[in-house]
Amino acid sequence: MQGLLLINKPENKTSYGAVGYVKRITGERRVGHTGTLDPMATGVLPVFLGRATALSSYLLEANKEYTAKIKLGTVTDTCDITGKILQNNRVSLTNEDVINVLKKFIGKQKQIPPMYSAVKKDGIRMYTLAREGKTVDIPPRDIEIFSIMQTSPLDSDNEFVIKTNVSKGTYIRSLCRDIGNMLGCGATLTALCRTYASGFGIENCIDLEKLNSENVKEYIISEEKAVEYLPEIFVTEKQAVRFCNGGQLAFDRLKDCNFKDGELYRIKFEDTFVGLGTADIKNSQMAIKCIVNDVR
């Protein structure tokens, strides 16, 4: 079984657990997702099956969109409501205060991931160190917040909702923490939904609970949908076979002459998506990145 499955991950289930469920109902051993969601989070989780898993890493670079509920005044060790409460601070802010602070987060910036995260320090996951009661300096990472807006105003429980579009590597839990710090009262994440990822919106997804061994094939789509944003190069049958045999494709034998060094391309033979290649200008050839459909 091969292709792409767009899942709406439920709350209180890990991304690994969602992948495990897909493995069980499809009988396919090779299953992988394209970006972890915390157990408390819901939303878009693209899952590849079979040889299509070779594409997983190429979707991790994509921007993502989230809706998040933030509670002011509460500070936890995980930066979300599932963690241990460290502080309960008094909140004396207006909704206008919140809006003014949100504007300051738009753009490129440095962000420190939460201590409870999958980021590695000296080869060890940060959440492992955190569970052992250890704290270490976490290096900041470069991120970009393209947009952030309030979609629900500050209520009597000191909670409000935002919608934000962010670059890869952005932790929404850290964003909530930093918003709270800038407002001077602290904050934590109480709900999170990924509404867009890898070119797919939540409206394209199927609830995990609705999938079973009898209907799963109905929801599997072509893996090529995940990389349709990449330019395509059509090759002959001989070139497709050569590509699948591990042979690079010389530029002078390809129709497109406007290659950009290092850029990814979809390699197509008629209607078949063969795989991905990358332009190697120095050697005037299309190098192999991955093979998805073998035409030999």
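Whatever comes next refers back to the structure up there.
Rules behind the numbers
- Residues numbered from 1 in each chain as written.
- Predicted model: local features only at pLDDT ≥ 70, side-chain atom pairs only at ≥ 80, totals over all residues.
- Heavy atoms only, no water.
- Helix = DSSP H or I, 4+ residues; strand = E, 2+ residues; numbered from the N terminus.
- Buried < 20%, exposed > 50% of the residue type's maximum accessible area, 1.4 Å probe, protein only.
- Contact = heavy atoms within 4.5 Å.
- Axes fitted to C-alpha atoms, helices over the stretch in contact; angles between N-to-C directions.
- Parallel < 35°, antiparallel > 145°, perpendicular 65-115°, else oblique.
- Left-handed = near helix turned anticlockwise from the far one by under 90°.
- Nonpolar A, V, L, I, M, F, W, Y, C, P; charged D, E, K, R; others polar.
- 1 Å grid on protein atoms, 1.4 Å probe; cavity = no way out; pocket = protein on both sides within 12 Å on 5 of 7 lines; lining within 4 Å.
- Points joined across faces, edges and corners; volume = space filled by probe spheres on them.
- Polar contact = N/O pair within 3.5 Å; in protein donor to acceptor, adjacent residues only side chain to side chain.
- Salt bridge = Lys/Arg side-chain N within 4 Å of Asp/Glu carboxyl O.
- Arc of directions from axis to C-beta.
- Pairing = 2+ DSSP bridges.
- Core = buried A, V, L, I, M, F, W, Y, C linked by side-chain atoms within 4.5 Å.

Caption draft 1: Inspection of the environment of Val19 at higher detail. Relative to the helices and strands, Val19 is located in helix H1 (residues 15-26). Given the relative accessible area of 7%, Val19 is considered buried. The spatial distance from the C-alpha of Val19 to the C-alpha of Thr164 is 26 Å, given a sequence separation of 145 residues. Not counting residues up to four positions away in its chain, the partners in contact with Val19 are Val31 and His33.

Caption draft 2: Inspection of the packing of helix H3 (residues 95-103) against helix H5 (residues 172-183) at higher detail. Packing of H3 against H5 brings their axes to within 10 Å, and their N-to-C directions diverge by 120°. In terms of their interaxial angle, H3 and H5 are classed as oblique. In this structure, the crossing between H3 and H5 has a hand that is right-handed. Every residue of H5 that contacts H3 at Asp97, Val98, Val101 and Leu102 is listed here: Ile179, Met182 and Leu183. Here the contact of H3 with H5 is composed, by residue class, of 6 nonpolar, no polar and 1 charged.

Caption draft 3: Fine view of the layout of surface pockets. In this structure, the second largest pocket spans a volume of roughly 170 Å³. Taken together, Val75, Thr76, Asp77, Cys79, Leu86, Pro114, Met115, Arg177, Asn181 and Ala187 make up the full set of residues lining the second largest pocket. Put simply, the parts of the chain that give the lining of the second largest pocket at least two residues each are strand E5 (74-76) and H5. Each residue belonging to the lining of the second largest pocket can be placed in one class, and the counts come to 6 nonpolar, 2 polar and 2 charged.

Caption draft 4: Seen up close, the side chain of Thr190. Tracing the backbone shows Thr190 in strand E12 (residues 187-197). For Thr190, a relative accessible area of 18% translates into the label buried. Here Glu159 takes part through its side chain, which lies 3.0 Å from a polar atom of the side chain of Thr190. Excluding residues within four positions of it along the chain, Thr190 makes contact with Met40, Lys69, Ile70, Lys71, Ile81 and Glu159.

Caption draft 5: Structural view of the pattern of salt bridges. For the structure shown, the criterion picks out 11 salt bridges. For Glu224, the salt bridge identified is with Lys268, shortest N-O distance 3.2 Å. Residue Glu224 is located in the loop between strand E15 (220-221) and strand E16 (232-234), and its partner Lys268 is located in strand E18 (residues 264-269); the two are separated by 44 residues in the primary sequence. Each member of the pair, Glu224 together with Lys268, is buried. Across the pair Lys225 and Glu228 runs a salt bridge whose closest N-O atoms are separated by 3.9 Å. Assessed through its relative accessible area of 44%, Lys225 is described here as partly exposed. Taken together, the salt bridges that share partners define one network made up of Glu224, Glu232, Arg266 and Lys268.

Caption draft 6: Structural view of helix H7 (residues 237-244). Every buried residue belonging to H7 is among Gln239, Ala240, Phe243 and Cys244, and all of these are buried. Taken around the axis of H7, the buried residues stretch over an arc of 135°, which confines them to a single face. Looking at the buried residues of H7, the elements they touch are strand E17 (249-250), E18, strand E19 (272-280) and strand E20 (285-291).

Caption draft 7: Quick peek at the sheet that holds E16. Judged by pairing direction, the sheet is mixed, and its 5 strands sit side by side in the order E16-E18-E19-E20-E17 without closing on themselves. Edge positions in the sheet fall to E16 and E17, since each has one partner strand and no second. As paired elements, E16 and E18 share 3 bridges and run parallel to each other. Along E18, the bridge assignment pairs Glu232 with Arg266. Each of E17, E18, E19 and E20 is contacted by H7, which is oriented at about 75° to E19, the strand it contacts most.

Caption draft 8: Structural view of the nonpolar core. Judged by nonpolar contacts, the single largest core of 28 residues is most densely connected at Ile70, Leu72, Phe160, Ile162, Ile172, Leu175 and Ile179. When residues in this core are grouped by element, the largest group, 5 residues, is from H5. Each residue touching Ile179, except ones within four places of it in the same chain, is listed here: Ile70, Val101, Leu102, Phe105, Ile148 and Phe160. Counting 19 residues, the second largest nonpolar core, distinct from the first, contains Leu6, Ala52, Phe200 and Val227.

Caption draft 9: Geometry of the environment of Gly35. In this fold, Gly35 is placed in the loop between strand E2 (31-33) and strand E3 (42-49). The exposure class assigned to Gly35 is buried, which follows from its relative accessible area of 9%. Spatially, the C-alpha atoms of Gly35 and Leu6 are 12 Å apart, while their sequence positions differ by 29 residues.

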